[in-house]
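An overview of the molecular structure
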Amino acid sequence: MRKSTILSLSFFCFLFLSSSLLSSNSMDSTYSIISDKQEKGKFKPDENNLMQKHAFFFDRNQDGSVHPWETYQGLRALGAGVLLSTACGIFINGAFSQLTRPGKFPSLLFPIELRNIVLAKIKSGTDTYDEKGRISTWTQWSLTYHLFKDEHGLLKKDTLRGLYDGSTFEKREKELKEKRNALAKKKASI
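Because the structure is a prediction, the values reported are computed rather than measured.

About the criteria used
- Within each chain, residue numbers correspond to sequence positions counted from 1 in written order.
- Owing to the predicted nature of the model, reporting of local features is limited to residues with pLDDT of at least 70; listing and counting of side-chain atom pairs is limited to 80 or more, with chain, interface and lining totals taken over all residues.
- For the side-chain quantities, the full set of heavy atoms in the structure was used; hydrogens and water were omitted.
- Helix and strand definitions here come from DSSP, where helices need a minimum of 4 consecutive H or I residues and strands a minimum of 2 consecutive E residues; each element is numbered from the N-terminal end.
- Classification of residues uses two cut-offs on accessible area relative to the type maximum, computed with a 1.4 Å probe and protein chains only: under 20% is buried, over 50% is exposed, and between them is partly exposed.
- Two residues form a contact once any of their heavy atoms are found within 4.5 Å.
- Here the accessible surface of atoms and residues is derived via Shrake-Rupley with a 1.4 Å probe, and residues count as covered only by protein chains that are part of the display.
- Only the stretch in contact is used when fitting a helix axis, every axis being a line fitted to C-alpha atoms; angles between N-to-C directions are given from 0 to 180 degrees.
- What makes a crossing left-handed is the near helix being turned counterclockwise from the far one by less than a right angle; a clockwise turn instead makes it right-handed.
- The nonpolar class holds Ala, Val, Leu, Ile, Met, Phe, Trp, Tyr, Cys and Pro. Asp, Glu, Lys and Arg form the charged class, and all remaining residues, Gly among them, are polar.
- By convention a nonpolar core is built from buried Ala, Val, Leu, Ile, Met, Phe, Trp, Tyr and Cys residues, the set being connected through side-chain atoms within 4.5 Å.
- A pair is scored as a salt bridge if a Lys or Arg side-chain nitrogen falls within 4 Å of a carboxyl oxygen belonging to Asp or Glu.
- What pLDDT expresses is the predictor's confidence in each residue, scored from 0 to 100.

Comments concerning the overall build of the protein chain
Looking only at helices and strands, one finds seven helices and four strands in the protein chain. In sequence order, the secondary structure elements of the protein chain are arranged as α-β-β-α-β-α-α-β-α-α-α. Residues counted as buried form 34% of the 190 residues belonging to the protein chain. Sequence separation of 24 or more characterises 49% of the internal contacts of the protein chain that already satisfy a separation of 6 or more. Accessible area of the protein chain: about 12500 Å², with a carbon and sulfur share of 60%.

Describing the side chain of N93
Within the secondary structure layout, N93 lies in helix α4 (residues 82-96). Ignoring sequence-local partners within four residues, the contact set of N93 consists of V66, H67, P68, T71, C88, F110 and I112.

Describing the packing of helix α5 (residues 138-148) against helix α6 (residues 157-165)
The N-to-C vectors of α5 and α6 enclose an angle of 120°; their axes lie 12 Å apart at closest approach. Crossing handedness for the pair α5 and α6: right-handed. Contacts from W141, T144 and F148 in α5 reach T159, L160 and L163 in α6. Grouping the amino acids of the contact of α5 with α6 by side-chain chemistry returns four nonpolar, two polar and no charged.

Some remarks on the nonpolar core
F58, L75, L78, L147 and F169 are the most contacted members of the largest nonpolar core, which totals 19 residues. For this core, the element with the most residues is α5, which contributes three residues.

Overview of the pattern of salt bridges
Scanning all chains against the criterion turns up seven salt bridges. In this structure, the salt-bridge partner of D150 is K156, at a minimum N-O distance of 4.0 Å. On the basis of relative accessibility, which here comes to 15%, the residue D150 falls in the buried class. Put simply, R161 and D158 hold a salt bridge, and the shortest N to O gap is 3.6 Å. With R161 and D158 both in helix α6 and three residues apart, this pair spans about one turn of that helix. Grouping residues by exposure puts R161 and D158 together as exposed. In the salt-bridge network here, residues are joined through shared partners; they are R101, K104, E113 and R115.

Observations regarding the confidence of the model for the protein chain
Here the protein chain averages 78 in pLDDT, while 71% of its residues score no lower than 70. Here residues 11-36 is modelled with pLDDT under 50, and outside its nearest four sequence neighbours on either side it reaches 38 contacts, counting other chains as well.

Printed below as a string of C-alpha coordinates:
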(Lines give C-alpha, C1' and ligand atoms only; values in the text may rest on other atoms or scores of the structure.)
Protein backbone atom coordinates (compact mmCIF):
# COMPACT_ATOMS: atom_id res chain seq x y z
CA MET A 1 0.00 0.00 0.00
CA ARG A 2 1.06 3.55 -0.59
CA LYS A 3 2.18 5.60 2.39
CA SER A 4 -0.62 8.17 1.92
CA THR A 5 -3.28 5.45 1.93
CA ILE A 6 -1.90 3.95 5.12
CA LEU A 7 -1.86 7.37 6.80
CA SER A 8 -5.45 8.05 5.74
CA LEU A 9 -6.66 4.69 6.98
CA SER A 10 -4.77 5.12 10.26
CA PHE A 11 -6.39 8.50 10.81
CA PHE A 12 -9.89 7.16 10.26
CA CYS A 13 -9.24 4.10 12.43
CA PHE A 14 -8.15 6.45 15.20
CA LEU A 15 -11.31 8.53 14.80
CA PHE A 16 -13.50 5.43 14.72
CA LEU A 17 -11.97 4.05 17.91
CA SER A 18 -12.21 7.45 19.59
CA SER A 19 -15.88 7.71 18.69
CA SER A 20 -16.66 4.40 20.34
CA LEU A 21 -14.93 5.56 23.52
CA LEU A 22 -16.49 9.02 23.56
CA SER A 23 -20.12 8.33 22.78
CA SER A 24 -21.96 11.24 21.20
CA ASN A 25 -25.30 10.05 22.62
CA SER A 26 -24.77 12.11 25.78
CA MET A 27 -24.75 15.42 23.87
CA ASP A 28 -27.10 18.11 25.12
CA SER A 29 -29.85 18.80 22.61
CA THR A 30 -31.27 21.94 24.25
CA TYR A 31 -29.83 24.10 21.48
CA SER A 32 -31.58 22.30 18.63
CA ILE A 33 -33.25 24.54 16.11
CA ILE A 34 -35.23 21.76 14.50
CA SER A 35 -36.51 18.84 16.51
CA ASP A 36 -35.15 15.44 15.62
CA LYS A 37 -37.40 13.24 13.57
CA GLN A 38 -36.75 9.67 14.53
CA GLU A 39 -37.99 6.51 12.92
CA LYS A 40 -36.92 3.36 14.75
CA GLY A 41 -33.92 5.19 16.23
CA LYS A 42 -32.82 6.66 12.89
CA PHE A 43 -32.65 10.38 12.11
CA LYS A 44 -34.96 11.53 9.33
CA PRO A 45 -34.33 14.89 7.67
CA ASP A 46 -37.07 17.50 7.64
CA GLU A 47 -38.69 17.40 4.18
CA ASN A 48 -38.74 21.21 4.05
CA ASN A 49 -35.06 21.63 4.95
CA LEU A 50 -32.93 21.17 1.83
CA MET A 51 -29.69 21.57 3.78
CA GLN A 52 -30.63 18.60 6.00
CA LYS A 53 -31.60 16.55 2.95
CA HIS A 54 -28.33 17.50 1.23
CA ALA A 55 -26.13 16.55 4.20
CA PHE A 56 -28.17 13.47 5.14
CA PHE A 57 -26.48 11.47 2.37
CA PHE A 58 -23.23 11.72 4.31
CA ASP A 59 -24.82 10.51 7.57
CA ARG A 60 -24.00 6.91 6.76
CA ASN A 61 -25.34 5.46 10.04
CA GLN A 62 -28.33 7.86 10.11
CA ASP A 63 -27.79 8.99 13.71
CA GLY A 64 -28.20 12.70 12.97
CA SER A 65 -24.47 13.53 13.08
CA VAL A 66 -21.95 13.46 10.25
CA HIS A 67 -18.43 12.63 11.41
CA PRO A 68 -15.27 13.00 9.27
CA TRP A 69 -15.15 9.27 8.49
CA GLU A 70 -18.77 9.42 7.27
CA THR A 71 -17.91 12.36 5.02
CA TYR A 72 -15.00 10.26 3.75
CA GLN A 73 -17.26 7.24 3.13
CA GLY A 74 -19.87 9.38 1.36
CA LEU A 75 -17.31 10.95 -0.94
CA ARG A 76 -15.79 7.54 -1.72
CA ALA A 77 -19.31 6.31 -2.58
CA LEU A 78 -19.55 9.22 -5.04
CA GLY A 79 -16.30 8.22 -6.73
CA ALA A 80 -13.80 10.56 -5.09
CA GLY A 81 -10.28 9.26 -4.43
CA VAL A 82 -8.80 8.38 -1.04
CA LEU A 83 -6.71 11.53 -0.63
CA LEU A 84 -9.45 13.87 -1.81
CA SER A 85 -12.02 12.18 0.45
CA THR A 86 -9.65 12.37 3.41
CA ALA A 87 -8.87 16.04 2.87
CA CYS A 88 -12.54 16.92 2.40
CA GLY A 89 -13.57 14.94 5.49
CA ILE A 90 -11.09 16.87 7.60
CA PHE A 91 -11.79 20.27 6.01
CA ILE A 92 -15.61 20.06 5.87
CA ASN A 93 -16.08 18.69 9.35
CA GLY A 94 -13.43 20.98 10.80
CA ALA A 95 -15.13 24.03 9.29
CA PHE A 96 -18.76 23.20 10.09
CA SER A 97 -18.72 21.10 13.25
CA GLN A 98 -18.70 23.83 15.86
CA LEU A 99 -21.13 25.98 13.85
CA THR A 100 -23.77 23.26 14.20
CA ARG A 101 -23.06 22.77 17.93
CA PRO A 102 -23.86 26.20 19.43
CA GLY A 103 -23.14 26.52 23.13
CA LYS A 104 -21.40 23.17 23.31
CA PHE A 105 -17.77 22.45 24.05
CA PRO A 106 -15.82 21.66 20.85
CA SER A 107 -15.63 17.96 20.09
CA LEU A 108 -12.43 16.32 18.87
CA LEU A 109 -14.62 14.03 16.74
CA PHE A 110 -15.85 17.04 14.72
CA PRO A 111 -19.49 15.98 14.29
CA ILE A 112 -21.81 18.06 12.15
CA GLU A 113 -25.25 17.95 13.76
CA LEU A 114 -27.87 17.73 11.02
CA ARG A 115 -30.68 19.14 13.14
CA ASN A 116 -28.67 22.40 13.33
CA ILE A 117 -27.21 22.38 9.82
CA VAL A 118 -28.89 25.70 8.97
CA LEU A 119 -26.41 27.38 11.33
CA ALA A 120 -23.61 26.45 8.91
CA LYS A 121 -25.25 28.36 6.06
CA ILE A 122 -23.21 31.11 4.39
CA LYS A 123 -24.65 34.47 5.39
CA SER A 124 -25.43 36.11 2.06
CA GLY A 125 -28.43 37.24 0.08
CA THR A 126 -28.41 34.56 -2.60
CA ASP A 127 -26.65 31.79 -0.65
CA THR A 128 -24.45 31.21 -3.69
CA TYR A 129 -22.15 34.16 -3.08
CA ASP A 130 -20.38 35.23 0.10
CA GLU A 131 -20.70 38.67 1.72
CA LYS A 132 -18.14 40.17 -0.69
CA GLY A 133 -19.91 38.87 -3.83
CA ARG A 134 -17.51 36.00 -4.61
CA ILE A 135 -18.37 32.39 -5.33
CA SER A 136 -18.47 30.88 -1.84
CA THR A 137 -15.89 28.19 -2.44
CA TRP A 138 -13.95 27.48 -5.56
CA THR A 139 -13.07 24.11 -4.05
CA GLN A 140 -16.71 23.12 -3.67
CA TRP A 141 -17.52 23.93 -7.28
CA SER A 142 -14.38 22.16 -8.49
CA LEU A 143 -15.26 19.05 -6.51
CA THR A 144 -18.83 19.16 -7.80
CA TYR A 145 -17.63 19.44 -11.39
CA HIS A 146 -15.05 16.66 -10.93
CA LEU A 147 -17.59 14.22 -9.47
CA PHE A 148 -20.71 15.00 -11.50
CA LYS A 149 -19.68 16.11 -15.00
CA ASP A 150 -21.02 13.97 -17.83
CA GLU A 151 -19.01 12.19 -20.51
CA HIS A 152 -18.84 15.45 -22.51
CA GLY A 153 -17.45 17.43 -19.58
CA LEU A 154 -20.73 19.23 -18.90
CA LEU A 155 -22.48 19.76 -15.59
CA LYS A 156 -26.22 19.59 -16.27
CA LYS A 157 -28.85 21.80 -14.67
CA ASP A 158 -30.80 18.81 -13.28
CA THR A 159 -27.66 17.47 -11.67
CA LEU A 160 -27.07 20.79 -9.93
CA ARG A 161 -30.69 20.97 -8.77
CA GLY A 162 -30.37 17.49 -7.31
CA LEU A 163 -27.34 18.55 -5.27
CA TYR A 164 -29.52 20.79 -3.13
CA ASP A 165 -31.77 17.98 -1.89
CA GLY A 166 -29.18 15.19 -2.10
CA SER A 167 -30.97 13.21 -4.82
CA THR A 168 -27.95 13.56 -7.14
CA PHE A 169 -25.78 11.90 -4.49
CA GLU A 170 -28.05 8.87 -4.23
CA LYS A 171 -28.33 8.61 -8.03
CA ARG A 172 -24.53 8.80 -8.48
CA GLU A 173 -23.87 6.19 -5.76
CA LYS A 174 -26.39 3.84 -7.40
CA GLU A 175 -24.81 4.35 -10.85
CA LEU A 176 -21.33 3.59 -9.52
CA LYS A 177 -22.55 0.44 -7.72
CA GLU A 178 -24.21 -0.78 -10.92
CA LYS A 179 -21.01 -0.14 -12.91
CA ARG A 180 -18.92 -2.02 -10.33
CA ASN A 181 -21.37 -4.94 -10.30
CA ALA A 182 -21.41 -5.11 -14.10
CA LEU A 183 -17.61 -5.01 -14.19
CA ALA A 184 -17.39 -7.76 -11.55
CA LYS A 185 -19.80 -9.95 -13.54
CA LYS A 186 -17.82 -9.34 -16.71
CA LYS A 187 -14.57 -10.30 -14.97
CA ALA A 188 -16.19 -13.40 -13.45
CA SER A 189 -17.41 -14.58 -16.85
CA ILE A 190 -13.93 -14.31 -18.41
